[in-house]
Amino acid sequence: MESWFAERSVGQMLPGDHAWFSYSSQEEQEHVVGAFLRDGLMAADKVIYITDSDPRDLPGLRARGDLDPRNYLRTGQLALLPRAEACLTAGVFDPGRMVASLEDVLARAERDRFRGVRVTADMSWAIRQRSGRDRVLDCEAGLDAAIAPSTTAMAICQIDRRSCTYDELTALKETHEVLVGADPDFDDGVLTITRTFEPRGLHLRGELDGARHTVFAEALHAVIAQGGDIHLNVRDLRFVDLGALNMMAGAAMNMAARGSLTLDDPSPDLTEVVQLVGGPMLPWLRIGRCRAS
């Protein structure tokens, strides 16, 4: 069954987007939410984060000397709203209070003539409270009513996948029409390379030919350097030359002692090439799950 969700990279978000983002690691959160925050600050948008974190600990902004969030706090472009102030009543998550807080900050940002407004909050803590799922669902409906009609505001609702059951995660996801993910690490209109986190690796789209070996090698080296098993999702790869396959096989051989390199969702033709050419000679390159012919 086809998904009715609109899927966008974080850099493609539009005013009115009330987006859903679930993560399974700090790295993934920093990669996506960090881009949302940095892009907003660099574009002179109003950026609002509902959090109790220190500004220096915001995802994607940790230890970045080129962008100190405290400077943006002083100018008022960045606003951190503590949970107690924005969404708690007697220590319990209050959906009505959070929606009212959001409506208030959106109105103030409009009066201050900001070009755009970006809002985000990590709701993992709220889902863990008693009746948390129902309260968060109520909140999401209110947030959607506040954000969706806007011509300037966009929002990302975050949740740690590890904090939810599958049913809770599905119910929360379905309150959003937009799913947001990582921006590509490389995109020249022919080849797109995007980091993936579960499983760790790269998603390759388009055509991987000799002119793009260098950028592919750099992206592959970056994920391999972090250790562990690596997966290359090649479902949307229309063409890959033998030189690139040799690079993959060489990388798999070099990392064999500490992890594996797997091609996921290859086309039947690519599977056949790997098995015929690479299989007997380069057994380290694995074929993972395969799509149907």
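Just above, that's the structure.
So, here's what we can say about the structure. This is a predicted model, so every value here is computed, not measured.

Conventions we followed
Residues numbered from 1 in each chain as written. Predicted model: local features only at pLDDT ≥ 70, side-chain atom pairs only at ≥ 80, totals over all residues. Heavy atoms only, no water. Helix = DSSP H or I, 4+ residues; strand = E, 2+ residues; numbered from the N terminus. Buried < 20%, exposed > 50% of the residue type's maximum accessible area, 1.4 Å probe, protein only. Areas by Shrake-Rupley, 256 points an atom, 1.4 Å probe, with all protein chains shown as cover. Lys, Arg positive; Asp, Glu negative; His and termini not counted. Charge placed at Lys NZ, Arg CZ, Asp CG, Glu CD. Pairing = 2+ DSSP bridges. Right-handed = clockwise from strand over helix to strand, strands pointing away. Phe/Tyr/Trp six-rings, centres within 6.5 Å; stacked < 30°, edge-to-face > 60°. Disulfide = S-S within 2.5 Å. Contact = heavy atoms within 4.5 Å. Axes fitted to C-alpha atoms, helices over the stretch in contact; angles between N-to-C directions. 1 Å grid on protein atoms, 1.4 Å probe; cavity = no way out; pocket = protein on both sides within 12 Å on 5 of 7 lines; lining within 4 Å. Points joined across faces, edges and corners; volume = space filled by probe spheres on them. Nonpolar A, V, L, I, M, F, W, Y, C, P; charged D, E, K, R; others polar. Expected span 1.5 Å × (residues − 1). Bend = angle between axes of the 7 residues up to and from the residue.

**Description of the overall build of the chain**
Consideration 1: Each helix and strand in the chain was counted, giving 10 helices and 15 strands.
Consideration 2: Counting only C-alpha atoms and orienting by the principal axes, one finds that the chain spans roughly 65 × 40 × 35 Å.
Consideration 3: Taken across its 293 residues, the chain has 48% of its residues classed as buried.
Consideration 4: Carbon and sulfur atoms make up 49% of the accessible area of the chain, which amounts to about 14,500 Å² in all.
Consideration 5: Computing the positive centroid from 32 side-chain charges and the negative centroid from 44, the chain places the two 4 Å apart.

**Side note on the pairing of strand β14 (residues 261-264)**
Consideration 1: Of the two faces of β14, the one holding L261 and L263 and the one holding T262 and D264 are both buried throughout.
Consideration 2: Of the pairings in the sheet, the one linking strand β13 (residues 230-240) to β14 comprises 4 bridges and is parallel in character. Counted as the bridge partner of N233 is D264 from β14.
Consideration 3: Read from β13 through helix α9 (residues 242-254) to β14, the crossover connection turns out right-handed.

**Description of the packing of aromatic side chains**
Consideration 1: In the structure shown here, the tally under the stated rule is 2 aromatic pairs.
Consideration 2: Both rings, one in F21 and one in Y23, keep their centres 6.0 Å apart while their planes meet at 25°; by these two values the pair is stacked. Take F21 and Y23: they sit in the same class, and that class is buried.
Consideration 3: Between F93 and W125, the aromatic rings sit 5.6 Å apart at their centres with planes inclined by 85°, giving edge-to-face as the arrangement. Residue F93 is found in strand β6 (residues 92-93), and its partner W125 is found in helix α5 (residues 124-127); the two are separated by 32 residues along the sequence. Residue F93 shares its accessibility class with W125, and that shared class is buried.

**A few points about the state of the cysteines**
Consideration 1: As enumerated under the stated definition, the model contains 0 disulfides in all.
Consideration 2: C87 takes part in no disulfide bond, and the closest cysteine sulfur, belonging to C139, lies 7.6 Å away.
Consideration 3: Exposure remark for C87: the relative accessible area of 0% places this residue in the buried category.
Consideration 4: Here C164 stays unpaired: no disulfide links it, and the sulfur of C157, its closest cysteine neighbor, is 12 Å away.
Consideration 5: The buried category is assigned to C164, whose relative accessible area is 15%.

**Re the environment of D45**
Consideration 1: With respect to the helices, strands and loops of the structure, D45 is situated in the loop between α1 (26-42) and β3 (46-50).
Consideration 2: For D45, the residues in contact, after removing those within four places along its chain, are G40, Q77, F114, R115, G116 and R118.

**Focus: the sheet that holds strand β15 (residues 285-287)**
Consideration 1: Taken in spatial order, the 6 strands make up an open sheet running β10-β11-β12-β13-β14-β15, and their pairing is mixed. Only two strands of the sheet have a single neighbouring strand rather than two, namely β10 (186-187) and β15.
Consideration 2: The strands that helix α8 (residues 213-224) touches are β10, β11 (191-197), β12 (200-208), β13 and β14; relative to β12, the one it contacts most, it runs at about 170°.
Consideration 3: Sitting on the sheet, α9 is in contact with β12, β13, β14 and β15, with an inclination near 175° to β13.

**With respect to unusual backbone geometry**
Consideration 1: The omega torsion across E198 and P199 is 5°, close enough to zero to call that bond cis.
Consideration 2: With respect to the helices and strands, P199 occurs in the loop between β11 and β12.
Consideration 3: A positive phi angle, near 65°, is found at A44, a position not held by glycine.
Consideration 4: Within the secondary structure layout, A44 lies in the loop between α1 and β3.

**Focus: empty space enclosed by the protein**
Consideration 1: Throughout the structure, instances matching the rule amount to 1 cavity of 30 Å³ or more.
Consideration 2: Approximately 70 Å³ is the volume found for the largest cavity.
Consideration 3: Together, H18, M98, L102, V119, T120, A121, L143, I147, A155, I156 and C157 line the largest cavity.
Consideration 4: Listing elements by their share of the lining of the largest cavity, those giving two or more residues are α4 (95-111), β7 (117-122), α6 (132-147) and β8 (153-160).
Consideration 5: Among the residues making up the lining of the largest cavity, the classes are represented as 9 nonpolar, 2 polar and no charged.

**A few points about α1**
An α-helix turns once every 3.6 residues. As a result, residues three or four positions apart point the same way.
Consideration 1: Taking 1.5 Å as the rise per residue, α1 with 17 residues should run 24 Å; its terminal C-alpha atoms sit 23 Å apart, in good agreement.
Consideration 2: Maximum bend of α1: about 30°, positioned at G34.
Consideration 3: The set of residues buried in α1 consists of E28, Q29, V32, V33, G34, A35, F36, L37, G40 and L41.
Consideration 4: Immediately beyond the C-terminal end of α1, within one or two residues, lies A44, with a positive phi of roughly 65°.

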